[in-house]
Amino acid sequence: MCLGIPGEIIEYLPEQPDLARVDVSGVRRVINVGLLTDDLPKPGEWVLIHVGFALSKIDEAEAAAALEFLEGIGQAYEEELAALQESMIE
Amino acid sequence: MRFVDEFRDADKAHALAAKITALCEPGRQYKFMEVCGGHTHTIYKHGLEDYLPESITLVHGPGCPVCVIPMGRVDDAIHLASQPDVIMTSFGDMMRVPGGDGSFFDAKARGTDIRMVYSPLDSLKIAKNNPDKRVVFMAIGFETTAPSTAMTLLRAQAAGLTNFSIFANHVTIIPAIKAILDSPDLRLDGFIGPGHVSTVIGCRPYEFIARDYGKPVVVAGFEPLDILQSIYMLMIQMSEGRSEIENQYSRVVPWDGNMVALKVINETMELRPYFEWRGLGFISHSALSVREKYASFDAELLFDVPGVRVADPKACQCGEVLKGVLKPWECKVFGTACTPETPIGTCMVSPEGACAAYYNYGRMNRNRVMETEVSRA
Ligand code: SF4
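Given the structure is predicted, the values throughout are model-derived calculations rather than measurements.

1. Here's the deal with the overall build of chain B
Looking only at helices and strands, chain B features 15 helices and 13 strands. Here the C-alpha atoms of chain B give a radius of gyration of 21 Å, agreeing with the 21 Å that 2.2 N^0.38 yields for 377 residues. Judged by the C-alpha coordinates and their principal axes, chain B covers about 65 × 45 × 40 Å. Each of the 377 residues in chain B was classed as buried or not, and the buried ones make up 62%. A separation threshold of at least 6 residues defines the contact pool for chain B, and within that pool the share at least 24 residues apart is 78%. In the structure as shown, chain B presents an accessible area of about 14,300 Å², 52% of it carried by carbon and sulfur atoms. With 38 positive and 44 negative side-chain charges, chain B shows a spacing of 2 Å between the two charge centroids.

Okay, structure coming up:
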C-alpha cells in the first residue's frame, strides 16, 4: 500500500479525462490521474502509482530504479501487483 | 528467511561509506532516524548498517502506517463490518493486523463480509454494484494515501452514491516526528526524511525540525545509494554546524509537494483534536477525519462506533521500537512468539515494519546481531 509502483502511461480513456491506461510490468490497468491535473503526463511518460492514483511524474531511469527496488522486495510487491491485477477502476 | 544482498553498486557504497567515516568526529556517537518503513526495508535488505562506521546508529521511525493503528481501532472496524448489510473493504496490508479480538482475517473466517481492495476506487465500484449494501472503506495511511481517499470521496459524491462511506484512519507524519523529538528517552542527531509522503507534503513542513530543534533533515529515495548519500549529506551538515532541510530525492519529490493532492485532502478532511497511535499513545492533531460538509460519507457518524480502547499486549514492545528506543531483537517475544506468521505486534505485520524487516533479513536474534557488531568493531 505504501509502495509506489512505476507505470507507463499508454492512453487516456475516451471521455474520462482523469482515467488513463498504464502498463505496469506488462500488466495493463486503468488508474486515476486526477492528482496530476496541474501537469498531466503524456502517453509514454512514467508515473508513480499509489493505490490506483498517479501521485508523481518520474523519468524512465527512475522508473527502472523503482522497479528494481520493488522486485527486490519480493512477496509484498507480488501481492501488490496481484491486487492491481484484480483492480477494476472505472 | 532471506539473506542480505550485495547490491550492484556496492563499490560506490563503500566509497560513500569512507567519506561518511571521514566526517565522524572521534569519540562522538551519531543517531539518525529513518522515518519511513520503506527505508527501513532497504537498510536491512542491503545490510547498510554494516557499511557504516560503528559510531553511526540508524533508528527506525514510526513511518509504517499499518504499524501505528491501535488495536481498538481494528476492533471498531470489525464491529462496523459486522453491522447488517455492511461490506467492509480494506487494503491487503490491514488484513493481518491484530486487534483485541483478532484480525480482519479472523473476522472474515467468522463470516463477516470483509474484502481486500487494491484502491479505494475498487471499493467505490463494489458500492455501485451492490446498491442494497452499505460499503465502508477502511482508510489508512499517511499523506501518501490520504489524497486517494479524498478523491474517491469526491467521486462518490459526484456519482450521487449514498451507500459508500469512509472509516477514516489517516495519520499525518509531522506530529509523529514532533512527538518523537519531544520524547525524553531519545536523543537524535537528524532525520532521513520520508520519500513518498514528501511527494505530497513537499519539504517545507519539516522546516520546524531544523529551526526549532536544530536538527538536519534529508529527504531520501529508496535505493541503497540514496540512503547512504542522505547520511553523507546529514554528516556534511553536522560537520559544518548547519541544520537545514535538504532534498536528496528531488528527482521525485518537488519542494512544494503536490498542490492538487493537498487541496483535495483539505477539502474533504480535517485534523482530529487527537488520535491514538499504537505504542506512541494519544498525539494531538495527528490524524484526519471526514469534514462535516461530507458527513454523509463518514462511517463514524453513520454507524455507532464503540470507540474501543485496548491496551497493547504486555509482551509487546512495539511502542519502544516505533520510537526507536529499542531495536526489534530487544523485544522479548521477537522471533519466538512474535513472527510474521503469528504477529503479536504490528511492527511484525507489514514488510515495512521494523521487526518484519529484521526478521526477514536474518537479524533474528541477539547473538547474530552481537556477532555482527563484534565483527564490525
Ligand atoms: S517483536 Fe513483535 S511484539 Fe515485539 S516489538 Fe516487534 S512486533 Fe512488537
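2. Points about the overall build of chain A
In terms of regular secondary structure, chain A is built from 2 helices and 5 strands. Listing every helix and strand of chain A by position from the N terminus yields β-β-β-β-β-α-α. Its C-alpha atoms put chain A at 35 × 25 × 20 Å along the principal axes. In chain A, 45% of the contacts between residues at least 6 apart in sequence involve partners at least 24 apart. Summing over all exposed atoms, chain A offers an accessible surface of approximately 3,800 Å²; the carbon and sulfur share of this is 49%.

3. Comments concerning the site of the ligand
If you check the shell around the ligand, you find Cys316(B), Gln317(B), Cys318(B), Val321(B), Cys331(B), Val333(B), Phe334(B), Cys338(B), Gly345(B), Cys347(B), Met348(B) and Cys355(B) and nothing else. Residue composition of the shell around the ligand, grouped by class: 10 nonpolar, 2 polar and no charged.

4. A short note on the packing of helix H1 (residues 10-23) of chain B against helix H10 (residues 224-239) of chain B
Residues and elements named next belong to chain B. Two elements in contact, H1 and H10, have axes whose closest approach is 9 Å; the angle formed by their N-to-C orientations is 15°. Classified by the angle their axes make, H1 and H10 are roughly parallel. The handedness of the crossing between H1 and H10 is left-handed. In contact with Lys12, Ala13, Leu16, Lys19, Ile20 and Leu23 of H1, H10 contributes Leu225, Leu228, Gln229, Ile231, Tyr232, Met235, Ile236 and Ser239. A per-class count over the contact of H1 with H10 returns 10 nonpolar, 2 polar and 2 charged.

5. Quick notes on the pairing of strand E2 (residues 56-63) of chain B
All names here are of chain B. Buried residues dominate E2, accounting for 7 of its 8 residues. Alignment of strand E1 (residues 30-36) against E2, held across 6 bridges, turns out to be parallel. Along E2, the bridge assignment pairs Cys36 with Gly63. Handedness of the crossover is the feature at issue here: the chain leaves E1, passes through helix H2 (residues 37-45), returns alongside E2, and the resulting connection is right-handed.

6. As for the interface of chain B and chain A
At the interface, 41 residues of chain B touch 38 residues of chain A. Interface area for chain B against chain A, summed over the two sides, is near 3,200 Å², with a carbon-plus-sulfur share of 59%. Inspection of the chain B/chain A interface yields 2 salt bridges. The closest approach of N and O atoms between Arg155(B) and Asp18(A), which form a salt bridge, is 2.7 Å. For the pair chain B and chain A, the interface holds 7 residue pairs in polar contact (both at pLDDT 80 or more). The set of elements that each furnish at least two residues to the side of chain B that touches chain A consists of H2, helix H5 (120-129), strand E5 (134-141), helix H6 (146-158), helix H8 (196-201) and helix H11 (259-268) of chain B. At 5 residues, the largest contribution of residues to the side of chain B that touches chain A is made by H6(B). Residue classes in the side of chain B that touches chain A are distributed as 19 nonpolar, 12 polar and 10 charged.

7. What to know about the confidence of the model for chain A
Note that predicted coordinates carrying low pLDDT should not be read in detail. For chain A, mean pLDDT is 85; residues scoring 70 or higher make up 92% of the total. Mean pLDDT values for the elements of chain A range from 74 in helix H2 (residues 75-86) of chain A up to 94 in strand E1 (residues 5-13) of chain A.

Definitions and limits used
- Residues numbered from 1 in each chain as written.
- Chains lettered and ligands numbered in written order.
- Predicted model: local features only at pLDDT ≥ 70, side-chain atom pairs only at ≥ 80, totals over all residues.
- Heavy atoms only, no water.
- Helix = DSSP H or I, 4+ residues; strand = E, 2+ residues; numbered from the N terminus.
- Rg over C-alpha atoms; globule rule 2.2 N^0.38 Å.
- Buried < 20%, exposed > 50% of the residue type's maximum accessible area, 1.4 Å probe, protein only.
- Contact = heavy atoms within 4.5 Å.
- Areas by Shrake-Rupley, 256 points an atom, 1.4 Å probe, with all protein chains shown as cover.
- Lys, Arg positive; Asp, Glu negative; His and termini not counted.
- Charge placed at Lys NZ, Arg CZ, Asp CG, Glu CD.
- Near = heavy atom within 4 Å.
- Nonpolar A, V, L, I, M, F, W, Y, C, P; charged D, E, K, R; others polar.
- Axes fitted to C-alpha atoms, helices over the stretch in contact; angles between N-to-C directions.
- Parallel < 35°, antiparallel > 145°, perpendicular 65-115°, else oblique.
- Left-handed = near helix turned anticlockwise from the far one by under 90°.
- Pairing = 2+ DSSP bridges.
- Right-handed = clockwise from strand over helix to strand, strands pointing away.
- Buried area = accessible area lost by both parts, 1.4 Å probe.
- Salt bridge = Lys/Arg side-chain N within 4 Å of Asp/Glu carboxyl O.
- Polar contact = N/O pair within 3.5 Å; in protein donor to acceptor, adjacent residues only side chain to side chain.
- pLDDT = per-residue confidence, 0-100.

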